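This is what each chain is made of:
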Amino acid sequence: GGQVSIGQARFDAARVREGMFQPLKFASEGQVGLFMLQPFDPGKVPVVFVHGIGGSPRDWVDVIASLDKERFQPWVAYYPSGASIGYSALVLSSAMDELRYRHPFANAVIVAHSMGGLVAMGSLNIATREGRIPPVKLLVTISTPWLGNRAARWAQAAPTRALDSWLDIAPGSDFLDSVLAYPRPPQLCHTMFYGYGGRSMFVKGDNDGVVALSSVLASSATSRAEQVVGFDEGHESILQSDAMQEALNTRLATYSRNPTCKSAP
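Residues numbered from 1 in each chain as written. Predicted model: local features only at pLDDT ≥ 70, side-chain atom pairs only at ≥ 80, totals over all residues. Heavy atoms only, no water.

(A) Region of interest: the packing of aromatic side chains. By the definition in use, this model includes eight aromatic pairs. Note on F11 and Y78: the rings are 4.9 Å apart at their centroids and 80 degrees apart in plane angle, and the pair reads as edge-to-face. Of this pair, F11 sits in the segment before helix 1 (13-21) while Y78 sits in strand 3 (residues 72-78), and the two are 67 residues apart along the sequence. Under the relative-accessibility criterion, F11 is labelled buried at 1%. (Phe/Tyr/Trp six-rings, centres within 6.5 Å; stacked < 30°, edge-to-face > 60°. Helix = DSSP H or I, 4+ residues; strand = E, 2+ residues; numbered from the N terminus. Buried < 20%, exposed > 50% of the residue type's maximum accessible area, 1.4 Å probe, protein only.)

This is the structure we're talking about:
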C-alpha cells in the first residue's frame, strides 16, 4: 500500500533478476507488494497492474500513461516471478484484502500480462475457495498462457533446478489444471486481449512470438470470457500498442458507467 514511483531502484533490472533466480532473498528484503502511484482517492476505482514472468511494474509505463486518471487510480503489483505462481497469487490476494481493509473500496479492476493473468486468476480463486466474494469486478488478461508454455518443459530437463514458476507453467502442471477449475467469482467480468503478430520458430503452430495461441485462446478460458480481442502485436509489444491501450480504456470507460458484464457465459 505504500506510494512509489516507477523509477525507483526496486524496479531495476538487477532486482527483477533477483526475483527470478533468488525469490526468497527478493521477498525477505521487502520488495514484494502492491503499491500505489498516487495517494489513495476514494472517488477513483483502483486498477491493479500485474506483470508477467521476468517483468516489473515498469512494463506498464505506457499503459498507465494512457489511463484516465480522473476516474481510475493505478496500483502496481510486484512479486518474485521465479517463485511458484500459487505463492504470488496468495501475495496478491492478501494485499488486496489488506488494502480493502485500510481503504474501503467497492470494486476494483485487475489488468494482467502473460503469467500475471495466472497469478490474478489464482488470487481470485483463493477468495472463491474460502467462500468470499473478491472486490475485483473486472479482470483484463493480456496474452495469458492458460494451457502453459511448452518451453517450460525444457527448463524441467535442465541439469539445474527449474524455477518454481516454470514448473507451474509447464503444460499439464497441477497449477494449470486447477486455475480454471473453480467457478468464475460472482459478478466478475473477464476480458481477454491477445496478440497474433509475433512469430517464433521455437513455438509450434500460430503464436505471438512467445506463447502458442492454442494456449492463449484455450476454450476453457474463452468460454468464460465476455470479450476476446486480438491485436497484430507480439507478446511484449502488445503492451505498447496504441490499439490495445485504446481498447482497454474503452472497456474501462464502459465498466465505470456500468460495472456488470456485457454477457454472462
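(B) Just the pattern of salt bridges, in detail. By the definition in use, this model includes eleven salt bridges. E18 serves as the salt-bridge partner of K25, at 2.7 Å between the closest nitrogen and oxygen. Judged by its relative accessible area of 35%, K25 is partly exposed. In this structure, K44 engages D41 in a salt bridge whose closest nitrogen and oxygen atoms are separated by 4.0 Å. With relative accessibility at 27%, the residue D41 sits in the partly exposed group. It is possible to trace a salt-bridge network through shared partners that takes in R15, E18, K25 and E29. (Salt bridge = Lys/Arg side-chain N within 4 Å of Asp/Glu carboxyl O.)

(C) Fine view of the side chain of K44. If you trace the backbone, K44 turns up in the loop between strand 1 (33-36) and strand 2 (45-50). A polar atom in the side chain of K44 sits 2.8 Å from the backbone oxygen of K69. Once residues within four sequence positions are removed from consideration, K44 is found in contact with Q38, K69, E70, R71, F72 and Q73. (Polar contact = N/O pair within 3.5 Å; in protein donor to acceptor, adjacent residues only side chain to side chain. Contact = heavy atoms within 4.5 Å.)

(D) Fine view of the nonpolar core. Core analysis: the biggest nonpolar cluster contains 35 residues, and V48, V50, I110 and L118 have the highest contact counts within it. Of all the secondary structure elements, the ones that give two or more residues to this core are strand 1, strand 2, strand 3, helix 4 (85-102), strand 4 (108-113), helix 5 (115-129), strand 5 (136-142) and helix 8 (174-179). The element contributing the most residues to this core is helix 5, with six residues. Once residues lying within four places of it in the same chain are set aside, the contact partners of L118 are I85, T144, P145, W146, I169, F175, L176 and V179. By size, the runner-up hydrophobic cluster in this structure holds 31 residues, among which are V4, V63, V109 and L248. (Core = buried A, V, L, I, M, F, W, Y, C linked by side-chain atoms within 4.5 Å.)

(E) Main features of the environment of P134. Position of P134 relative to the elements: it lies in the loop between helix 5 and strand 5. Taking the relative accessible area as the measure of exposure, P134 reaches 7% and is therefore buried. Residues P134 and P186 lie 52 residues apart in sequence; the distance between their C-alpha atoms is 8.6 Å. Apart from residues lying up to four places away in sequence, P134 is in contact with L124, A127 and P185.

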